[in-house]
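Structural features, examined
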Amino acid sequence: MLEVVRRRVRGLIRLIPKTRRGIVYSDFEDELGELTETELKGLDIGGGWTRFELKVRTYVHSHGEDLSVQKLLRNRQLTSADIDHFTRVFLDGGFGTEGDIERAEEEHGGLGLFLRSVTGLERDAVAAAFDEFQAGHNLSSTELHFLKLIIDYVAKNGFLGVGGLYEPPFTGVAPSGPEAVFGDAGVDSIEVILDRIKATAVPSESATG
């Protein structure tokens, strides 16, 4: 259709009145100030940090036989030994620098939480964490839908704070908050489960092996 229009318009060009246009000349010089280097803070355009995240994600999803990887993806408690293992792998493999490791720890509250945020969790593992919550309850379709949103979100992002339940996509189901779906007691139970999931990515002092 566009080609037909183009052809028809092209045939009308000959009807455009021909007028003489004056030629405009300019005579001025471009002025450049002193060149200075500017640092774009918080911006990483395809740089080392992006490559580091990509290499970490690729390693985790291609080393399913690694016991530490299995614990990371299956919502099992990580230990300091697991964190040390990942650190050695990333540094020895040239994934990034010690600075990258430190940045990951600072921005995410620990290397374990950084890894979770990059790789997510196996969905079955997240669903299993909510088995007890569903046991003995005849959940409504709205409750099941909301719960599915939670499980999908945690599987993709690795963890979720209860505050996130008051933001999209959850407000699409309960604009006033999750209490409108589960009640106060139900939200309290969900918060406990979410905290447990997040805690498995944070090695405790006693979890060393």
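Across its full length, the protein chain holds 10 helices and 0 strands. Going from the N terminus to the C terminus, the protein chain shows its helices and strands as α-α-α-α-α-α-α-α-α-α. By residue count, 34% of the 209 residues in the protein chain fall in the buried class. Residue pairs in contact within the protein chain that sit at least 24 positions apart in sequence constitute 70% of those at least 6 positions apart. Per element, the accessible surface of the protein chain, about 14,200 Å² overall, is 52% carbon and sulfur.

Here we come to the layout of surface pockets. Roughly 150 Å³ of volume is contained in the largest pocket. Taken together, A129, E132, F133, H137, G186, S189, V192, I193 and R196 make up the lining of the largest pocket. Grouping the constituent residues of the lining of the largest pocket by class yields 4 nonpolar, 3 polar and 2 charged.

A contiguous patch of negative charge on the surface is contributed by E98, E102, E105 and E106. Mapped onto the fold, E102 is located in helix α5 (residues 98-108).

With 21 residues, helix α10 (residues 179-199) should cover 30 Å at 1.5 Å per step; its first-to-last C-alpha distance of 24 Å lies more than 12% under that length. When the local axis directions of α10 are compared, the greatest deviation, roughly 80°, occurs at A185. Among all positions of α10, only V181, F182, G186, V187, I190, I193, L194 and I197 are buried. Against α6 (111-119), α7 (123-129), α8 (131-134) and α9 (141-157) lie the buried residues of α10.

Turning next to the packing of α5 against α6. Helix-helix packing is characterised by the crossing angle of the two axes and by the distance between the axes. In contact at an axis separation of 7 Å, α5 and α6 are set at 85° when each is read in the N-to-C sense. Overall, the two elements α5 and α6 adopt an arrangement that is roughly perpendicular. Where α5 approaches α6, its residues A104, E105 and H108 are matched on the opposing element by L111, L113, F114 and S117. For the contact of α5 with α6, the class distribution of residues is 4 nonpolar, 2 polar and 1 charged.

Throughout the structure, instances matching the rule amount to 12 aromatic pairs. Here Y59 and F95 contribute two aromatic rings whose centre-to-centre distance is 5.9 Å and whose plane-to-plane angle is 65°, an arrangement assigned as edge-to-face. Residue Y59 is found in helix α2 (residues 48-62), and its partner F95 is found in the loop between α4 (80-92) and α5; the two are separated by 36 residues along the sequence. F95 shares its class with Y59; the two are buried. Site record: aromatic cluster; members linked through ring pairs are W49, F52, Y59, F86, F90, F95 and F114.

Below, the discussion takes up the pattern of salt bridges. Within this structure, the stated rule accounts for 5 salt bridges. A salt bridge links R123 to D152; its shortest N-O distance comes to 2.7 Å. Here R123, found in helix α7, pairs with D152, found in helix α9; they are 29 residues apart in sequence, far enough to count as distant. The network of salt bridges with common partners includes R123, K148 and D152.

The terminal C-alpha atoms of α9 lie 24 Å apart, and with 17 residues this matches the ideal 24 Å at 1.5 Å per residue to within 8%. Burial in α9 covers these residues: E143, F146, L147, L149, I150, I151, V154 and A155. Following α9 by one or two positions, G158 adopts a phi angle in the positive range, close to 95°.

Below, the discussion takes up the side chain of D66. Along the chain, D66 falls in the loop between α2 and α3 (67-73). There is no salt bridge for the buried D66, and the closest opposite charge comes from R88, which lies 8.8 Å off by N-O distance. At 3.0 Å, the side chain of D66 and the side chain of Y59 are in polar contact. Separated by 2.7 Å, the side chains of D66 and H85 make a polar contact. With near-sequence residues (within four places) excluded, D66 lies in contact with Y59 and H85.

Criteria and cut-off values
- Residues numbered from 1 in each chain as written.
- Predicted model: local features only at pLDDT ≥ 70, side-chain atom pairs only at ≥ 80, totals over all residues.
- Heavy atoms only, no water.
- Helix = DSSP H or I, 4+ residues; strand = E, 2+ residues; numbered from the N terminus.
- Buried < 20%, exposed > 50% of the residue type's maximum accessible area, 1.4 Å probe, protein only.
- Contact = heavy atoms within 4.5 Å.
- Areas by Shrake-Rupley, 256 points an atom, 1.4 Å probe, with all protein chains shown as cover.
- 1 Å grid on protein atoms, 1.4 Å probe; cavity = no way out; pocket = protein on both sides within 12 Å on 5 of 7 lines; lining within 4 Å.
- Points joined across faces, edges and corners; volume = space filled by probe spheres on them.
- Nonpolar A, V, L, I, M, F, W, Y, C, P; charged D, E, K, R; others polar.
- Patch = residues over 30% accessible without salt bridge, like charges linked within 9 Å, V, L, I, M, F, W, Y side chains within 5 Å.
- Salt bridge = Lys/Arg side-chain N within 4 Å of Asp/Glu carboxyl O.
- Lys, Arg positive; Asp, Glu negative; His and termini not counted.
- Charge placed at Lys NZ, Arg CZ, Asp CG, Glu CD.
- Expected span 1.5 Å × (residues − 1).
- Bend = angle between axes of the 7 residues up to and from the residue.
- Axes fitted to C-alpha atoms, helices over the stretch in contact; angles between N-to-C directions.
- Parallel < 35°, antiparallel > 145°, perpendicular 65-115°, else oblique.
- Phe/Tyr/Trp six-rings, centres within 6.5 Å; stacked < 30°, edge-to-face > 60°.
- Polar contact = N/O pair within 3.5 Å; in protein donor to acceptor, adjacent residues only side chain to side chain.

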